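Summary of structural features
Listed below, chain by chain, are the residues.
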Amino acid sequence: MNQTYIDTGYGLSGYEVKGLIPQLKKEYEWLSLAYSACLQQVCLNLGVAFNNFFEKRAKYPRFKSKHGRQSLQYPQNVKVFDNYLKIPKVGDVKAVIHRPIQGKLKTVTISKNCCDQYFASVLFDDGKEKPEPLTEGKAVGIDVGLTHFAITSDGSKFDNPRFFTKHERNLKRKQQQLSRKQKGSNNRNKSRKKVAKVHCKITNCREDFLHKLSRRLVDENQVIVTENLNVKGLMHNHKLAKAIHQVGWGMFMTMLKYKAEQEGKIYQEVDRFFPSSKTCHVCLNQVDSLPLDVRTWTCDKCHTTHDRDVNAAINLREEGLRILRVRNSASQAECKTHSRQTCGTRDKAVQRGLGGFPHERLRQEAYCPDVRRGRGGRKKSTTPLSVG
Ligand SMILES: [Zn+2]
């Protein structure tokens, strides 16, 4: 691939590389030690990586490192039994199966993390359709923060557990021990594992917390509204970067999203430039500035005292519900007219949908729709799930 790119400026497709395998196997004997389907999968993954590069979604692919996390994909022929897996060319491997596997097996990915633990992610098709989202039930707005991890529009606040800070002293000691060991020595390697173990512990604690909280929020509510945060952008603030890195907002949003979709619930994101903190949720009056250290404030017009975060969460919920209402009325209008000028009908539908109450119209004014997001987003992966 590298040589083709240097010579022609183009790449080969994953399937073209796959076709080269038999010839390469003659040249390099060790290639036939590996299971053939895994090699094919690697070729397809390489094709996707180059495709992402050519379409400017990613940097030029690098060689896989032998250090750190390792992984291997079996697109077919892995069998799962009660307490072991049967893997081609490897044989039976003892495993803890933590949930029943019902359905057709697709891909099995074996991975090893930095502290030498092995995992098998089993992808299977259970043949069930995605449940249609219902529109009845409770709606909740969730604002995330650093003092409190999450604040819901019901007024409940969840503490930020700060797992990294909790283990920071331990990590520091182990890192110091590591740096005292001679390079390339066996003791250094042992020490390195100890550092990795602490990192692993922190990750596990955080994941556990996020899974439990997101599960609870999804179970209790039908519609979940959050802010569409630019976590990477926020990390540029070097005073907050460490705190933002350990809090795990991005992972939390991802969990909320897939958990909601699995159960036919609605997950809605609100634009990050929507002024959720600065708007009074009672009279929709907007204040000019609200420094981060102001935790409670009083509205000038209606003299309500707001808790900063709860007010933001309520505003997020209202804004999310407004977006859903607009989308529903727009799709209904489209069904009725069957006209090709969907843009025109959508605009009218939006006006009609919002014409009901003066309160609703104010909601629209409180929102600033002229802000657009950049087009830097990644497309969904184009990897085929299975070649089997
Ligand atoms: Zn007010």
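Presented here is a report on the structure given in the accompanying data block.

Criteria and thresholds
- Residues numbered from 1 in each chain as written.
- Predicted model: local features only at pLDDT ≥ 70, side-chain atom pairs only at ≥ 80, totals over all residues.
- Helix = DSSP H or I, 4+ residues; strand = E, 2+ residues; numbered from the N terminus.
- Pairing = 2+ DSSP bridges.
- Axes fitted to C-alpha atoms, helices over the stretch in contact; angles between N-to-C directions.
- Expected span 1.5 Å × (residues − 1).
- Bend = angle between axes of the 7 residues up to and from the residue.
- Parallel < 35°, antiparallel > 145°, perpendicular 65-115°, else oblique.
- Contact = placed C-beta atoms within 7 Å.
- Nonpolar A, V, L, I, M, F, W, Y, C, P; charged D, E, K, R; others polar.
- Buried ≥ 20, exposed ≤ 12 C-beta atoms within 10 Å, placed from the backbone.

**Describing unusual backbone geometry**
You will see that K56, though not glycine, has its phi angle at about 60 degrees, which is positive. Tracing the backbone through its elements, the reader meets K56 in the loop between α4 (36-54) and β1 (70-74).

**Thoughts on the sheet that holds strand β5 (residues 104-112)**
What links the strands of a sheet is backbone hydrogen bonding, and the strands pair in either a parallel or an antiparallel sense. The strand order across the open sheet formed by three strands is β1-β5-β6, and the pairing between neighbours is antiparallel. At either end of the open sheet lies a strand with only one pairing partner, and these are β1 and β6 (118-125). Strand-to-strand twist in this sheet, taken as the mean axis angle between neighbours without regard to direction, amounts to 20 degrees. One ladder, built from five bridges, connects β1 with β5; its direction is antiparallel. Note that in β5 the partner of Q70 across the bridge is K112.

**Digging into helix α5 (residues 163-180)**
Since one α-helical turn is 3.6 residues long, residues separated by three or four positions face the same way. When the terminal C-alpha atoms of α5 are compared, their 26 Å separation across 18 residues agrees well with the 26 Å that a helix rising 1.5 Å per residue should span. Bending of α5 peaks at approximately 45 degrees at the position of R169.

**Quick word on the packing of α5 against helix α6 (residues 186-220)**
Viewed as axis vectors pointing N to C, α5 and α6 meet at an angle of 175 degrees, and their least axial separation amounts to 9 Å. One element, α5, and the other, α6, form an angle in the roughly antiparallel class. Residues F163, F164, H167, N170, L171, K174, Q175, Q177 and L178 of α5 lie in contact with α6, whose contacting residues are R188, S191, R192, K194, V195, V198, K201, I202, C205 and R206. Across the contact of α5 with α6, the residue classes break down as eight nonpolar, five polar and six charged.

**Some remarks on α6**
An ideal rise of 1.5 Å per residue puts 51 Å on 35 residues; α6 measures up with 51 Å between its terminal C-alpha atoms. Within α6, burial applies to L210, S214, L217 and V218. Looking at the buried positions of α6, the neighbouring elements they touch are β7 (139-144), β10 (223-227) and α9 (249-262).

**Some words on the sheet that holds strand β8 (residues 148-152)**
Pairing within the open sheet is mixed, and its five strands lie in the order β9-β8-β7-β10-β11. Looking at the sheet topology across the chains shown, the edges are occupied by β9 (157-159) and β11 (266-270). The sheet shows a mean angle of 20 degrees between the axes of neighbouring strands, taken without regard to direction. As defined by bridge partners, β8 adjoins β9 across three bridges and the pair is classed as antiparallel. Residue pairing for β9: I151 is matched across the bridge by K157. Sheet strands touched by α9: β7, β10 and β11. Its angle to β11, the strand with the most contacts, is close to 145 degrees.

Without other data, these values stay purely geometric and don't point to any function.
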